[in-house]
Amino acid sequence: MARGETRETDRMSASDAAESTPTRERGQFSLLLSRRFSPFFFTQALGAFNDNVYRNAVIVLIVFGAGAANADTLANLGAGLFALPFFLFSAWAGELADHGDKAVLARRIKIAEICIMLLGGLAVASGSVWAVMAVLFLTGTQSTFFGPIKYAIIPQHLRQAELVGGNGLVQMGTFVAIPAGLVLGGALAAAEPEASRPLLIAATVVGLAAAGYLASRFIPAAPPARGAGRICWNPFTVVARMARASSAKRSVLLSILGISWFWLLGSVVLTQMPNYGKEVLNANETVTTSLMATLAVGIGVGSMVCEWLSGRRVEIGLTPIGSLGLTAFAAHFALTTMNPVTPAAGMGQFLGAGGWNTMLDLFLIGFFGGLYVVPMFSVIQQRTRQETRARVIAFNNIVNALFMVIGAGLSILVLVVMEMSIPQLFLVLAVVNLGVSMFVFWEVPEFVARFLIWCLMRSLYRLRFRNLDRVPERGAAVLVCNHVSYVDALLILGVLRRPVRFVMIRRIYDLPLLNFIFRSVHAVPITARRDDPETYRKAFESLTDALRNRELVCIFPEGHITRDGKMHEFRPGVLKLLNQVPVPVIPLALRGLWGSLFSHQGRGAFRGGLKWLRAPVELLVGKPMAPEGITTDQLYEEVARLRGARKAEA
């Protein structure tokens with residue numbers, strides 16, 4: 001293990017020991033009471049809130065005060081200047097985040113935010129549109145440098161079991177801050193007397209920046225990993241390195257593209273919402289703001305629900321659910337507003353004319369959007385090395401900004417060139433979203449495989465587990481388990497928080513439907529050496545390579561599924577593997593599967609009657625065992641001990 005990882009693990013262990021009850025037992029909201037997370041959470045939430053307060057205040061106060069002829073131009077110019085730094089400076093932002101202490105960098109960036117907001121107050125007081133635009137550019141620059149820190153620091157302070165919950169809370173904080181900032185910014189710009197508005201805006205944004213700095217003072221240290229190298233100041237070289245690091249694992253690169261597509265959708269919808277409210281619904285600003293808030297709250301709720309649905313694991317099987325729900329409700333939202341019943345301007349009249357359906361559609365679009373995007377963020381954090389993680393996230397920010405520009409171009413093409421309506425634009429996006437999702441799932445079938453595993457676990461089984469934390473969050477290990485049914489590997493995959501390479505008997509590996517899942521999770525088919533020496537040799541080569549790459553490997557040493565409910569003698573293949581790559585061995589035991597749908601009780605598999613429905617199943621994890629001198633008898637005894645006294649039932 002690298003020294004940087006050792007320091008990180010020691011720091012996490014110390015902070016975990018300081019908490020009387022493990023966070024994984026108390027749920028994601030307990031993170032808000034932990035110093036490992038809460039100072040960072042409030043730092044980033046206050047930053048997002050402050051950005052939106054300032055942007056909306058100046059749009060209302062200055063941009064729309066410039067006259068209707070220039071309003072759209074200035075609004076788009078402001079949005080472009082805020083996004084421009086993500087193209088210009090993300091490369092350096094990722095470099096700095098990977099080479100410095102992220103907590104120290106966060107504090108320095110928050111000090112810069114205070115200075116920028118002081119300039120912002122002066123710009124508003126001066127009444128100069130160009131001064132305001134310059135401050136918007138500086139605000140975007142500050143956000144650019146904070147972005148890589150925002151997601152790279154989470155896996156340094158949280159355990160694997162907390163990644164989804166932590167990301168969900170960050171997404172919730174961000175998307176609650178957006179509408180709240182819009183509302184407060186609009187209120188400040190409309191405050192009376194008019195002469196007090198610049199002072200109110202300046203005092204508010206500087207105060208929020210100062211509060212964010214105070215919160216950042218309590219963020220625990222997050223030093224860089226060993227092996228990060230030296231800072232490179234050539235942006236072209238840095239971007240090339242970012243792209244290589246991001247494409248090292250296809251699932252990471254496709255997650256970046258999926259997240260960027262989500263931001264394209266979100267930017268188009270939020271940009272068009274004011275005109276949608278005014279031109280399509282004939283509604284006032286209160287209704288429009290409520291629609292935007294409903295979408296943002298939906299994203300926040302969906303982001304938080306991810307942890308509960310995933311069982312506190314990085315569960316990419318939720319992404320297909322989110323994508324399909326997003327497509328369905330976006331299409332319904334568009335189709336139901338093609339020819340809306342035109343309400344009066346107020347909120348009451350809007351709801352009375354069927355506005356509840358529109359609000360529900362927007363909430364569900366946001367909800368499924370949260371299910372779609374949070375697992376992808378967790379994949380990036382989990383499957384990138386610590387020494388390059390911030391640069392990968394910075395590359396994600398560049399691609400996000402590029403996709404938002406593409407979204408703006410698509411909107412112009414549909415609305416101006418093709419002269420379609422805003423609901424028709426939303427329908428086009430829903431259809432394209434389905435196509436993009438199909439492409440991602442085709443390229444990385446692991447998403448669909450994990451979805452099928454997720455459905456299996458929640459429809460046919462009630463799976464409980466014990467001592468899951470004994471499986472290491474990093475590094476290589478061999479898992480050994482008793483073999484009861486055709487879906488043992490899928491159940492273990494569905495519980496563990498890390499990807500696992502399974503050794504599968506060839507005839508099980510080739511089963512219809514299950515074969516798609518096994519191939520998607522890179523299971524290794526094997527046969528007896530006497531039956532197919534070449535397959536046997538390739539299997540052991542794949543397993544040794546996986547262990548040398550610090551992956552988890554799972555073996556069923558019995559070599560076959562039990563046909564009598566009893567555990568049978570362990571074969572020596574696992575010892576051959578350990579002789580080549582000596583790594584810790586972790587015993588597992590499955591209980592309760594005998595008699596379930598995919599076991600061989602009675603007349604064979606699939607014939608057990610209805611008693612298999614929602615069968616209670618347990619996965620028990622034993623203590624890691626050193627590989628030196630280990631025997632198959634010792635492994636057998638430990639797995640048998642975990643199974644307990646139920647000798648006749650697996």
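Structural data are supplied above this passage.
These numbers were taken from a predicted model, which means no experiment stands behind them.

Our focus in this paragraph is the packing of aromatic side chains. When we look at a pair of aromatic rings, we describe it by the centre distance and by the angle of the planes. Inspection of the entire model under this criterion finds 16 aromatic pairs. An angle of 35° between the planes, with centres 6.5 Å apart, marks the rings of Phe262 and Tyr372 as tilted. Placement of the pair is Phe262 in helix α11 (residues 250-280) and Tyr372 in helix α14 (residues 347-382), with a sequence separation of 110 residues. Like Phe262, the residue Tyr372 is buried in the burial classification. An aromatic cluster is built from Phe37, Phe40, Phe41 and Phe42, whose rings are joined through pairwise contacts. Residue placement shows Lys110 over the ring face of Phe146; its charged tip is 5.8 Å from the ring centre. In this structure, Lys576 packs its charged tip against the face of Phe540, placed 4.4 Å from the ring centre.

The biggest cluster of nonpolar side chains holds 96 residues, and the ones touching the most others in it are Phe37, Phe40, Ile154, Tyr276, Leu291 and Phe426. In terms of residue count, α14 provides more of this core than any other element does, 16 residues in total. Once residues lying within four places of it in the same chain are set aside, the contact partners of Phe426 are Val269, Gln272, Tyr276, Phe333 and Ala334. Formed by 47 residues, the second largest nonpolar core is a distinct cluster that contains Leu490, Val500, Cys554 and Leu619.

Turning our eyes to something else, we now look at unusual backbone geometry. The phi torsion at Glu419 lies on the positive side, around 55°, for a residue other than glycine. With respect to the helices and strands, Glu419 occurs in the loop between α15 (389-417) and α16 (422-443). Unusually for a residue other than glycine, Arg550 sits at a positive phi of about 65°. Topologically, Arg550 is positioned in the loop between α21 (533-548) and β5 (552-555). Looking at Arg550, the relative accessible area reads 35%, which means it is partly exposed.

For α21, spanning 16 residues, the distance from its first C-alpha to its last is 23 Å, which sits close to the expected 22 Å at 1.5 Å a residue. Those residues of α21 that are buried are in contact with β2 (477-481), β3 (500-505), α19 (506-509), β4 (524-526), β5 and α22 (573-580).

A contiguous nonpolar patch, built from Leu84, Phe87, Leu88, Leu402, Val405 and Ile406 and spanning about 480 Å² of accessible area, is present on the exposed surface. Elements that contribute at least two residues to the nonpolar patch include exactly α4 (68-99) and α15. Looking at Val405, the relative accessible area reads 45%, which means it is partly exposed.

The next point concerns the pairing of β3. Burial runs high along β3: 5 of the 6 residues are buried. Pairing analysis gives 3 bridges linking β3 to β5, with the strands arranged parallel. Along β5, the bridge assignment pairs Phe502 with Cys554. Judged from the 3 bridges that link them, β3 and β4 form a sheet pairing that is parallel. In the strand pairing of β4, Met504 is matched with Pro525.

Our focus in this paragraph is the sheet that holds β5. In spatial order, the strands read β1-β7-β6-β2-β5-β3-β4; together these 7 strands make up an open sheet with mixed pairing. At either end of the open sheet lies a strand with only one pairing partner, and these are β1 (461-466) and β4. Ignoring strand direction, the axes of neighbouring strands in this sheet form an average angle of 25°. Of the strands in this sheet, β1, β2, β3, β5, β6 (585-591) and β7 (615-621) are in contact with helix α18 (residues 488-495), which crosses β3 at around 175°. Helix α23 (residues 632-643) rests against β2, β6 and β7 of the sheet, and its axis sits at about 40° to β6.

Here α23 spans 16 Å end to end across 12 residues, near enough to the 16 Å set by a 1.5 Å rise per residue. Among all positions in α23, only Thr632, Leu635, Glu638, Val639, Ala640, Leu642 and Arg643 are buried. Following α23 by one or two positions, Gly644 has its phi on the positive side, about 85°.

About the criteria used
Here the residue numbers are simple positions, counted from 1 along each chain's written sequence. Whole-chain, interface and lining totals are the exception, using all residues; otherwise, since this is a predicted model, local features are given only for residues with pLDDT of at least 70 and side-chain atom pairs are given and counted only at 80 or more. As a convention, hydrogens and water are excluded, and side-chain values are obtained from all of the structure's heavy atoms. Only Phe, Tyr and Trp rings are paired, with Trp represented by its six-membered ring, and only when their centres lie within 6.5 Å; those with planes under 30 degrees apart are stacked, over 60 edge-to-face, the remainder tilted. Only DSSP runs of H or I with at least four residues qualify as helices, and only runs of E with at least two residues qualify as strands; both kinds are numbered from the N terminus onward. Only protein chains enter the accessibility calculation, which uses a 1.4 Å probe; a residue is then buried when its area is under 20% of its type maximum, exposed when over 50%, and partly exposed in between. In our convention, an over-ring charge means Lys NZ or Arg CZ found within 6 Å of a ring centre and within 35 degrees of that ring's normal. By convention a nonpolar core is built from buried Ala, Val, Leu, Ile, Met, Phe, Trp, Tyr and Cys residues, the set being connected through side-chain atoms within 4.5 Å. We call two residues in contact when some of their heavy atoms are within 4.5 Å. Expected span of a helix, by definition, is 1.5 Å for each gap between consecutive residues, and there is one gap fewer than residues. A residue counts toward a patch only above 30% relative accessible area and without a salt bridge, and it is joined to like-charged neighbours within 9 Å or, for Val, Leu, Ile, Met, Phe, Trp and Tyr, to nonpolar neighbours within 5 Å. For every accessible area listed, the method is Shrake-Rupley and the probe measures 1.4 Å; residues are considered covered only by the protein chains on display. By definition, a salt bridge exists where a carboxyl oxygen of Asp or Glu is found within 4 Å of a side-chain nitrogen of Lys or Arg. Here, any two strands with at least 2 DSSP bridges between them count as paired. For helices, the fitted line uses only the C-alpha atoms of the stretch in contact; every axis is such a line through C-alpha atoms, and the angle between N-to-C directions lies from 0 to 180 degrees.

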